[in-house]
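# Architecture at a glance
In case you want the letters, here they are:
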Amino acid sequence: MAIQKEPGQKGINWSNIAVGAIMNMFVTTLGQPLEVLKTQMAANRSQTMLQATKTVWSRGGVAGFYQGLIPWAWIEASTKGGVLLFTASEIETAGVGMGISPAAAGLLGGMGGGIAQAYATMGFTTCMKTVEITRHKAAAAGVEQTTFQVFMDIYRREGIRGINKGVNAVAVRQCTNWGSRMGFARLAETMIRNVRGKGEKDQLGAMDKILASSIGGALATWNQPIEVIRVEMQSMAKTTANANRPAKLTILNTLGFIYKENGLKGLYRGVTPRIGLGIWQTICMVSFADYVKVWVKGRQ
């Protein structure tokens, strides 16, 4: 997943910050269209995937699927990728050094990396990216604003707390996201090694690593309700549009609101594109990152 220390090697691998930033920027090539589609479905829970796709397409064709990419998604990708890989690598390496299994070390590394990236970088950028995608709800009510105008409006009304609204939901999501992705991916790698008759130190082939990451990314979408809650908390939907929507949203009252409005199915709205997104993210940040690791190590 990240640049691991050799046995007996001391010090911190600062190069993981650069590797994480580069790899997560690469994620946006396919990840942003899936992110936009997932967010559209989570914010508009009555829409089917086909309806959501048509809605996004109506915003400018292919460009609609890259809405929010510049600058918010690129800022988010580069900063959170660096924080994730750096933090997760240090925790995972320490865990393996203490005799913890690769799967458990991956779980702990992913959880720590996810929490770190959420509070360090993602509250602001994820909020603004969601605003860019969902501000059309406000436009439908006759309020036309650019993303920067929305930003200044939120800042004037609610300050930094308003810009970081939903950051706790983001932290829970990222903790469970990357803990599950890395943990399941490492567990799948161990199972594949057992099937292939390989030892723990033996390298897996590219297709085996991609398969393990795909399994990890797909299984990690069990927490989709947290993502739907996060989108609703950061959505630009006006409270007056639905009298049942709480004026001040928390994780718990947002969960209750979504369940009352759309049932259990509403909490899993957008899970299909998120499975694709999770697989792609895990392949990039777990499998592909291993090859970047080798390239960087050869130049140190």
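Described below are features of the structure shown in this document. (Residues numbered from 1 in each chain as written. Predicted model: local features only at pLDDT ≥ 70, side-chain atom pairs only at ≥ 80, totals over all residues. Heavy atoms only, no water.)

### Quick notes on the nonpolar core
Within the largest apolar cluster, 16 residues are counted, with the highest numbers of intra-cluster contacts made by Val 19, Met 23, Met 182 and Met 285. Elements with a contribution of two residues or more to this core: helix 1 (15–43), helix 3 (69–97), helix 7 (167–196) and helix 11 (271–297). Of all hydrophobic cores here, the second largest spans 11 residues; its members include Ile 229, Val 231, Leu 249 and Phe 257. (Core = buried A, V, L, I, M, F, W, Y, C linked by side-chain atoms within 4.5 Å. Buried < 20%, exposed > 50% of the residue type's maximum accessible area, 1.4 Å probe, protein only. Helix = DSSP H or I, 4+ residues; strand = E, 2+ residues; numbered from the N terminus.)

### Concerning the pattern of salt bridges
This model, assessed by the stated rule, comprises 11 salt bridges. A salt bridge links Arg 45 to Glu 232; the shortest N-O distance between them is 2.9 Å. Remark: Glu 232 occurs in helix 9 (residues 224–234) and Arg 45 occurs in the loop between helix 1 and helix 2 (49–57); sequence separation between them is 187 residues. Residue Arg 45 shares its accessibility class with Glu 232, and that shared class is buried. For the salt bridge of Glu 227 with Arg 230, the shortest nitrogen-to-oxygen distance reads 2.6 Å. Placement of both Glu 227 and Arg 230 in helix 9 is noted, with a separation of three residues, approximately one turn of the helix. (Salt bridge = Lys/Arg side-chain N within 4 Å of Asp/Glu carboxyl O.)

### What to know about the side chain of Arg 193
Looking at the secondary structure, you find Arg 193 in helix 7. Not counting residues up to four positions away in its chain, the partners in contact with Arg 193 are Lys 198, Gly 199, Glu 200, Asp 202 and Leu 204. (Contact = heavy atoms within 4.5 Å.)

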